[in-house]
Amino acid sequence: MGSSNVTGQAYAFMAMTPVKPAEEAALADYLHRLRDRGPSPLAKLERTHFGRFLIVPDFHNDSSWKQRREEHLDMPYLIFTSNFDGDLDSYLDELCEQLAPEAKEIWGRCVGCPESAKGAALKTYLKRNQIDTGVFFAAYGDATVATVKRRLGQREQMIEFARTSQGLGAEALQQAFLERFGGTS
Amino acid sequence: MSVQASSGGPITATGTGSRNHHGQAIAITVFSTIKWWGRVFLPLLFLVTRRLPRLTRTLRKLSFIHFARWTIVTHPAYNGPPQRNGKLRYPHMYFESNFNGGWEEYIDAFSHILTSGMTAFWGSSYGFPKPLPTALFKAYIQVNETEADHYYSAYPQATSTMIQRALELDAKLAPLKLEAERMEPGAFAVAYRNFLTDVQHCL
Amino acid sequence: MARPTVRMDLGDIQGDVLRAYGNDYGSTTYAFVRIECPPEQARAWFSGLLDHVTTAEPWREGEKPVTTLNVSVTAAGLLALGVSEAVVGSFSHEFRDGMASRSQLLGDVGPSDPAAWEDGLGPGDAHVLLTINAKQPSDHQRALGKMKVALDTVGGLRIVFQEDTELLEGSREHFGYADGFAQPAIEGSSDEKARGGGVPLPKGGWRALAPGEFILGYPDEDTRVDPKRRLPRAPADPLGRSGTYMVWRKLYQDVALWRQVMRDAAALYDGGDEHKLAAKVVGRWANGAPLVKHPDVAPAAFDPKSRGGNDFRYAEDLDGMRCPVGAHIRRANPRDALGFEGHLSFRHRMIRRGMPYGKVLPEDASADDGADRGLVFASFQASISRQFEGVQVQWLNAGNIFGLGHDKDFLLGDPQGTGKMTIQGSPPFFLAPQEVFVRTRGGEYLFVPGMTALAALADGTAG
C-alpha cells in the first residue's frame with residue numbers, strides 16, 4: 001500500500017475479486033436493484049465521496065488491433081472502487097460492519113470470500129484483493145464529505161441571503177447577516 | 001451515433017448508460033490492454049504525474065472532474081480454485097472518472113484540450129487511435145468502456161465546480177463572519193459589498 | 001476575398017440553409033403533413049413538389065421568386081414514404097427517437113411537457129414539413145392554395161399542424177430584441193461572415209467553420225484534424241449527401257410576465273434601469289448592440305448586419321462585468337468565453353432560421369391578452385445531439401460549464417421557479433424570480449434532404 005492511493009486526505013481504494021462463475025447474473029441483478037428500495041447502501045459509509053461496483057466479464061480483444069495474442073479473464077471479476085476520507089483500515093472496518101448484509105450478496109458471490117462475509121475476515125479478503133492506484137486525481141482532495149456537504153449548504157444559504165437582502169439598509173443588513181451566519185460554522 | 005454500451009445497457013440521451021448516472025454525477029470506466037513498452041513507460045508516467053502537479057493543471061482547470069484515477073493491473077490476487085493463479089499475459093490499465101456534464105462533451109474536451117495527456121496515458125494501449133479526430137477516439141472509448149452496475153455519489157446534485165466554489169466561498173466568508181459583530185453597520189455594509197463582489201463567481 | 005477551399009454543390013442543397021432567403025420574405029408558413037395513404041400515393045404527391053423546391057443556387061438580380069418552398073421529413077415520415085427500416089436506421093438515434101421522447105433531457109417539463117403540446121406535434125403524427133416563404137401576402141395565399149389543392153388531389157394527406165408567421169417590425173422578436181442576424185460563417189459559402197461568425201482564433205482574428213458542421217457529405221471540423229480526412233457519419237446514400245438535420249420548435253413567449261418581472265426587479269437595480277437589466281439578461285440591447293461592446297448605454301443606432309456588427313468576443317470580459325456570464329446570447333454562443341482556444345464551443349454552432357409568430361403585445365399593455373405569440377425556432381446542423389441538444393442541455397438549461405452552478409438561462413425560465421441570475425458587477429445584482437417566460441408548445445426533429453435525395457425519396461429508390 002503506497003502513498004499513490006492518497007491525494008490530500010482522500011483515499012482511492014480498489015478491490016478486484018473473481019466472481020463465482022455461476023453467480024455472475026445473480027450478482028449483476030442484485031447490484032442493479034440496489035437502489036430500488038431506497039438510497040444506495042454506500043450512503044451508510046458517510047466518508048464515501050464516490051463508489052462504484054462493476055463486473056468486468058472479460059477483456060476486450062479486437063482482431064483489428066496489433067495485439068499478437070488474445071487475453072481472456074478466467075472468469076468475470078467484480079471491481080469495487082471507492083474515493084473516501086481518511087485511512088483505509090478504519091474505513092474497511094466500517095464497511096465490513098455496516099455493509100454486512102449487502103457484502104454477503106456481493107462479495108459472498110466471489111471466489112475466496114469468507115463464509116460470513118463480514119468483520120475481520122471480510123477485511124482481510126478485501127485487502128488481499130486490493131490493487132494500488134497509479135495516479136489519483138482529486139479536485140478537492142483536502143475536503144471531507146462532511147465538509148463538502150456543509151460548504152454546499154452554506155453556498156445555498158449565501159445565494160438566498162444575497163438575493164433577499166438586496167435593498168436592505170445597513171443596520172437591517174447586518175442584523176440579517178448575523179442571524180443567518182453569526183457564530184462559527 | 002447510436003451504439004450499444006459494451007455491457008449491453010441502453011445509451012441514454014446523455015450519451016452513456018443509465019447506470020452510469022447518480023444525479024449530476026457521471027461515471028466512466030475504461031479498461032485497456034497495454035503493449036510491452038507500456039510496462040515500463042506507464043509506471044514512470046504515473047510517478048512523474050504524481051510528483052509534478054503542473055501536469056494536471058489543465059485537468060484541474062477543466063474543473064468538471066471530481067475524482068479520477070489510473071491504475072495498472074498485472075496480477076490479481078489468488079483466492080483459490082477455480083481462479084487461475086498467475087500473472088496476466090499483458091498489463092491492463094484501469095481508468096475511472098467521476099465528472100459532470102455530458103459524456104460526449106467530456107470526451108470532446110479530452111480529445112481537443114488534453115490531446116498530449118491522452119496520448120501519454122493511452123498511447124501504449126492496443127487499438128488506441130490518436131485523440132483526434134474525436135469520432136475515432138469516442139468509438140475507441142465506447143468499445144473499451146464498461147457500464148457501472150451500481151454507482152454512488154454522496155452529493156449527487158453538486159458539480160465539482162460548485163464544490164470548489166463553495167470551498168472558496170467559505171474561505172472568504174470566514175473572516176467576514178468573525179468581524180461582522182464588531183463592526184459599525186455602515187462599515188459592515190461596505191465590507192459585505194466588497195465581499196460579495198469578491199465571491200460573486202462562487203454563487 | 002480568399003478563394004474558398006471547399007466547393008459546394010449548391011444545386012443539390014436546399015435553399016435557406018447555407019444562406020438565408022432574407023427579410024424580403026416577410027412571412028413563412030410551416031405546414032406539417034401527415035401521410036395516411038399508401039407510400040406509392042404519398043410519393044406521387046412528393047414528386048409533384050420537387051419542381052417547386054428552392055435550392056441553394058444563388059439568385060441573379062431580378063430573379064428572386066415570389067415564394068419559396070422547402071421540404072423536410074421526420075423519421076416517421078421517411079417510413080411513411082416507404083423508406084426501409086434499415087435505411088432509417090442509418091439516421092442519428094436522436095432523430096429517430098423524436099424530440100418529444102427526449103423531453104426530460106431537453107428540459108421540456110412542467111408547462112413545456114409534451115403532454116401539453118399542441119395537437120399534431122410530438123407523438124409521430126407529423127411526417128413532412130413544408131416551409132413556404134413569401135414576399136407578399138397575396139403570393140403567400142396563392143402558394144398555400146396550391147399546396148392545399150395538391151394535397152386534396154392526391155388524397156390521404158392531411159395537415160396536422162400549421163403555423164403562419166410574419167416578421168415583426170425591425171426584425172425583432174416578441175420580447176423586443178433584434179434577433180436572428182448572428183449566424184455561423186461557413187467555409188466556401190459565407191466566409192465573409194467570419195469576423196464574428198466564425199471560430200475565434202487565439203491571437204485575434206477568426207476563421208470560417210468547416211461546411212460539414214452543417215451539411216452532410218462535406219468535411220467537418222473533425223475531418224480537418226484527421227490524417228485520413230474521413231467524412232462525418234451520415235445517413236446512407238443517396239439520402240445523406242447534401243442533407244442536414246433540422247430542429248423545429250414552437251416557443252410561446254409570455255411577454256406580459258417578462259415585462260412585469262423585469263419592471264419589478266429593476267426597482268432594486270442600478271437606479272431602476274429596466275432596459276439595462278433586460279439587456280443584461282439577453283446580452284444585447286433591444287437594437288441588437290452587444291453588451292460586451294456597449295456595456296453601459298445602448299448606442300443610438302446599431303446595424304446588426306453591418307460589417308463588424310457581429311465582431312465581438314468575451315476574452316476581455318471573462319468576469320462578466322460587461323456582459324453577464326449567464327446572458328442569453330453568451331450562453332447560446334460563448335465564442336471565446338470558455339477559454340481553451342474555443343475548443344469547448346466551436347463544434348456547437350447552429351444555423352438559425354426561426355420566425356416570430358402572433359400579434360405584438362402593445363408596449364403599454366398592462367396585462368396579458370391571452371393571445372398566442374412567440375418564436376418558431378428552426379435550426380440546421382449536421383448533428384442534432386452535439387449542436388442543438390448540446391447547447392440546450394449544457395449551456396441553456398444548465399450553468400455548470402460557466403461556473404454558474406444550477407442557474408439556467410434566465411430568459412427561458414425555470415419550471416421550478418426557484419432560479420436566479422447573477423448580474424456581475426461591483427457589487428453584483430441577483431435577479432429573481434425566474435418565472436417561466438418561454439414555454440415549448442411543440443416541436444419535431446426533421447431531416448432536410450438534398451435535391452438528389454428528394455428525387456430518390458419520390459422515386460422510391462432511397463432504399
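Positions within a chain are numbered from 1, following the residues in the order the chain's sequence is written. By the order in which they are written, chains take letters starting at A while ligands take numbers starting at 1. Whole-chain, interface and lining totals are the exception, using all residues; otherwise, since this is a predicted model, local features are given only for residues with pLDDT of at least 70 and side-chain atom pairs are given and counted only at 80 or more.

K.L.:
In this structure, what is going on with the overall build of chain B? I would like to understand it.
P.N.:
Within chain B, the regular secondary structure consists of 7 helices and 5 strands. Each helix (α) and strand (β) of chain B, taken in turn from the N terminus, gives the series β-β-α-α-β-β-α-α-α-β-α-α. C-alpha atoms define the radius of gyration in this analysis, and the globule rule sets the expected value at 2.2 Å times the number of residues to the power 0.38. For chain B, the C-alpha radius of gyration of 22 Å lies well beyond 17 Å, the compact-globule estimate for 203 residues. If you line up chain B on its principal axes, its C-alpha atoms span 75 × 40 × 40 Å. Any residue whose C-beta has 12 or fewer other C-beta atoms within 10 Å is treated as exposed, any with 20 or more as buried, and any in between as partly exposed, C-beta atoms being built from the backbone. Burial statistics for chain B: of 203 residues in total, 51% are counted as buried. Each residue is represented by a C-beta atom placed from its backbone, and any two residues with such atoms within 7 Å are regarded as in contact. Pairs at least 24 apart in sequence give 69% of the contacts found in chain B among residues at least 6 apart. Secondary structure is summarised from DSSP: a helix means a run of H or I of at least four residues, a strand means a run of E of at least two, and numbering begins at the N terminus for each.

K.L.:
Honestly, the domain arrangement of chain A in this entry has me stumped. Any pointers?
P.N.:
Domain assignment breaks chain A into domain 1 (3-128) and domain 2 (145-181). The C-alpha-based centres of domain 1 of chain A and domain 2 of chain A are spaced at 41 Å. For each domain, the first and last residues come from an automatic or database assignment.

K.L.:
Would you mind going over the sheet that holds strand 4 (residues 92-99) of chain B with me for this structure?
P.N.:
Consider a sheet: its strands pair through backbone hydrogen bonds, and that pairing is either parallel or antiparallel. Strands were regarded as paired on the criterion that DSSP finds at least two bridges between them. An order of 5(A)-3(B)-4(B)-2(B)-1(B) is seen for the 5 strands of this open sheet, with the pairing classed as antiparallel. Either end of the sheet is taken by a strand with one partner, and the two such strands are strand 5 (135-138) of chain A together with strand 1 (21-22) of chain B. Bridge analysis of strand 2 (residues 25-33) of chain B against strand 4 of chain B gives 8 bridges, and the strand direction is antiparallel. Counted as the bridge partner of Ser32 of chain B is Met93 of chain B from strand 4 of chain B.

K.L.:
Teacher, can you tell me more about helix 6 (residues 160-180) of chain B here?
P.N.:
Each α-helix winds once per 3.6 residues, and so residues spaced three or four apart point in a common direction. Helix span, as expected, comes to 1.5 Å for every residue beyond the first. Counted at 1.5 Å a residue, the expected span for helix 6 of chain B with its 21 residues is 30 Å, and the 30 Å between its end C-alpha atoms agrees. Ser160, Thr161, Met162, Ile163, Arg165, Ala166, Leu167, Leu169, Asp170 and Leu173 of chain B are the residues of helix 6 of chain B that are buried.

K.L.:
Where do I start with the packing of helix 9 (residues 255-266) of chain C against helix 10 (residues 274-282) of chain C in this structure?
P.N.:
When two helices pack together, their arrangement is captured by the angle between the axes and the distance separating the axes. Residue and element names in this part refer to chain C. For the pair helix 9 and helix 10, interaxial distance at closest approach is 9 Å and the crossing angle is 115°. Two packed elements cross with a definite hand, and for helix 9 against helix 10 that hand is right-handed. Between helix 9, through Met262, Arg263, Ala265 and Ala266, and helix 10, the contact on the second element is made entirely by Glu274, Leu277 and Ala278. Following the grouping adopted for this structure description, the nonpolar residues are Ala, Val, Leu, Ile, Met, Phe, Trp, Tyr, Cys and Pro, the charged ones are Asp, Glu, Lys and Arg, and the polar ones are all others, Gly among them. When grouped by side-chain class, the residues that make up the contact of helix 9 with helix 10 number 5 nonpolar, no polar and 2 charged. Angular values range over 0 to 180 degrees, each being the angle between N-to-C directions of two axes fitted as lines to C-alpha atoms, with helices fitted over their stretch in contact. A clockwise turn of the near helix away from the far one marks a right-handed crossing, whereas an anticlockwise turn of less than a right angle marks a left-handed crossing.

K.L.:
I would appreciate a short explanation of the domain arrangement of chain B in the present structure.
P.N.:
Size of an interface: often given as the accessible area lost when the parts come together. The domain boundaries assigned to chain B delineate domain 1 (18-144) and domain 2 (160-202). Between domain 1 of chain B and domain 2 of chain B, the C-alpha centre-to-centre distance is 39 Å.

K.L.:
Help me understand the interface of chain A and chain B in this model?
P.N.:
The interface of chain A with chain B comprises 66 residues on the first partner and 67 residues on the second. Of all elements in the fold, only strand 2 (10-18), helix 1 (24-32), strand 3 (48-56), strand 4 (77-85), strand 5, helix 5 (145-164) and helix 6 (170-181) of chain A reach the threshold of two or more residues within the side of chain A that touches chain B. Considering each element in turn, the side of chain A that touches chain B owes the most residues, 10 residues, to helix 5 of chain A. Residues that form the side of chain A that touches chain B fall into these classes: 38 nonpolar, 17 polar and 11 charged.

K.L.:
Even after reading the chapter, I still don't get the interface of chain C and chain A, so can you show me in this structure?
P.N.:
Taken together, the contacts link 4 residues of chain C with 5 residues of chain A. Of the residues in the side of chain C that touches chain A, the class split is 3 nonpolar, no polar and 1 charged.

K.L.:
Sorry, what's going on with the sheet that holds strand 1 (residues 6-7) of chain A here?
P.N.:
Ordered in space as 1(A)-2(A)-4(A)-3(A)-5(B), the 5 strands form an open sheet in which the pairing is antiparallel. This sheet does not close on itself; its edge strands, each paired only once, are strand 1 of chain A together with strand 5 (150-153) of chain B. Here 2 bridges tie strand 1 of chain A to strand 2 of chain A, and the two strands are oriented antiparallel to one another. In the sheet register, Thr7 of chain A faces strand 2 of chain A, and the bridge partner there is Ala10 of chain A.

K.L.:
Please clarify how unusual backbone geometry should be interpreted in this entry.
P.N.:
A negative phi angle characterises most non-glycine residues, just as the trans form characterises most peptide bonds. Note that the residue after Leu132 of chain B, namely Pro133 of chain B, is joined by a cis bond; omega there is 5°. Residue position: Pro133 of chain B is located in the loop between helix 4 (115-122) and helix 5 (134-144). Cis geometry marks the peptide bond from Ala432 of chain C to Pro433 of chain C, where omega comes out at 0°. The phi torsion at Ser171 of chain C lies on the positive side, around 55°, for a residue other than glycine. Take Ser171 of chain C: it is sitting in the loop between strand 4 (157-166) and helix 7 (194-197). Positive phi, close to 70°, is recorded for Ser242 of chain C, a residue that is not glycine. Structurally, the position occupied by Ser242 of chain C is in the loop between helix 8 (221-224) and strand 7 (244-253). For Ser242 of chain C, a count of 28 C-beta atoms within 10 Å gives the class buried.

K.L.:
I tried to follow the packing of helix 1 (residues 39-50) of chain C against helix 13 (residues 451-459) of chain C on my own but got confused; where do I start?
P.N.:
Residues and elements named next belong to chain C. Viewed as axis vectors pointing N to C, helix 1 and helix 13 meet at an angle of 150°, and their least axial separation amounts to 8 Å. Taken together, the axes of helix 1 and helix 13 are roughly antiparallel relative to one another. Viewed along their axes, helix 1 and helix 13 form a crossing whose handedness is left-handed. From helix 1, Arg43, Phe46, Ser47 and Leu50 reach across to helix 13, where they touch Leu454, Ala455, Leu457 and Ala458. Across the contact of helix 1 with helix 13, the residue classes break down as 6 nonpolar, 1 polar and 1 charged. Should an angle lie under 35 degrees it is considered roughly parallel, over 145 roughly antiparallel, and from 65 to 115 roughly perpendicular; all remaining angles are considered oblique.

K.L.:
Teacher, can you tell me more about the pairing of strand 10 (residues 374-381) of chain C here?
P.N.:
One face of the sheet, then the other: side chains in a regular strand alternate in exactly this way. Residue and element names in this part refer to chain C. For strand 10, a buried count of 7 out of 8 residues is recorded, marking the element as mostly surrounded by other parts of the structure. With 8 bridges connecting them, strand 7 and strand 10 associate as antiparallel partners. Within strand 10, the position partnered with Trp248 by the bridge is Ala378. Bridge analysis of strand 9 (residues 355-357) against strand 10 gives 3 bridges, and the strand direction is antiparallel. The residue of strand 10 that forms the bridge with Met355 is Val376.

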